[in-house]
Amino acid sequence: MKRRLFLLSGLALAGCGSDPALYLVEPPAPAKAVRIAVSSIEVKDTTLPAYAEASEIAYESEDGSIRTVTDTLWADDPTRAFTSSLVSHLSRATTARVAAEPWPLETWPQAELTVRVDKMLARANGNFQLSGQFALSSPDGVISDRMRSFDIQVPLNGEGSAAIADATGRAIAGLGAEIIAAL
């Protein structure tokens, strides 16, 4: 009974807190769509570091520790949001049909994209860093398999969660450009 009362009081207190601000990740629109070597791409779920998978928006403090911005959250699950943003950007920036896994069409995709992120963080130096590795494979051999490292740095335009969300979107667009160049 005491345990149940404790849980109910905790839920009541949680309801009394303020609503956190929610932020979306939106890459900027590309200038125009370019033709690439494949007509379809399946984007596998992105792998993010633990601090970037959390709902809280992370940044690097002056002492090098990773902190979170108070009273703000990502509007969507970070892994899903990253993958969806990359899919959206590649769809708008290329002539290919692009979708996240599982592939929704009857005809299999000509290429598969896997992205593993090592760092995704607003750094204390005023830049947002997105680094890791991506791999492109083609089960039917339309393109040769390739793997590339990336290290994208974009300046933070301001401070706080809005600046971090904006920089995240621009960094994803930068990654998209590197992937397109590899195709």
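Before reading further, recall that the structure is shown in the block above.
Basis of the calculations
- Residues numbered from 1 in each chain as written.
- Predicted model: local features only at pLDDT ≥ 70, side-chain atom pairs only at ≥ 80, totals over all residues.
- Heavy atoms only, no water.
- Helix = DSSP H or I, 4+ residues; strand = E, 2+ residues; numbered from the N terminus.
- Buried < 20%, exposed > 50% of the residue type's maximum accessible area, 1.4 Å probe, protein only.
- Contact = heavy atoms within 4.5 Å.
- Areas by Shrake-Rupley, 256 points an atom, 1.4 Å probe, with all protein chains shown as cover.
- Salt bridge = Lys/Arg side-chain N within 4 Å of Asp/Glu carboxyl O.
- Polar contact = N/O pair within 3.5 Å; in protein donor to acceptor, adjacent residues only side chain to side chain.

**Some details on the overall build of the protein chain**
Secondary structure summary: the protein chain contains four helices and eight strands in total. Ordered by position from the N terminus, the helices and strands of the protein chain form the series α-β-β-α-β-β-α-β-β-β-β-α. In terms of principal-axis extent, the alpha carbons of the protein chain reach across some 65 × 40 × 25 Å. For the protein chain, the residues scored as buried account for 40% of the 183 residues in total. Contacts in the protein chain between residues far apart in sequence, at least 24 positions, make up 69% of those at least 6 positions apart. With the model as given, the accessible surface of the protein chain reaches about 10200 Å², and the carbon-plus-sulfur share is 53%.

**With respect to the pattern of salt bridges**
On inspection of all chains with the given rule, the structure shows five salt bridges. Close ionic contact of Glu60 with Arg123 constitutes a salt bridge, the shortest N to O distance being 3.0 Å. Of this pair, Glu60 sits in strand E3 (residues 56-60) while Arg123 sits in the loop between strand E6 (111-122) and strand E7 (127-137), and the two are 63 residues apart along the sequence. With a relative accessible area of 16%, Glu60 lands in the buried category.

**Points about the environment of Asp19**
Summarising the element assignment, Asp19 is placed in the loop between helix H1 (2-16) and strand E1 (21-23). Linking Asp19 and Phe82, residues 63 residues apart in sequence, is a C-alpha distance of 23 Å.

**Here we look at the side chain of Ser61**
Within the secondary structure layout, Ser61 lies in the loop between E3 and strand E4 (66-74). Within the local environment of Ser61, its side chain forms a polar contact with the side chain of Asp63, the two groups lying 2.5 Å apart. At a separation of 2.7 Å, a polar atom in the side chain of Ser61 contacts the side chain of Ser65. Sequence-distant contacts of Ser61, that is, excluding residues within four places in its chain, are made with Arg67 and Ala124.

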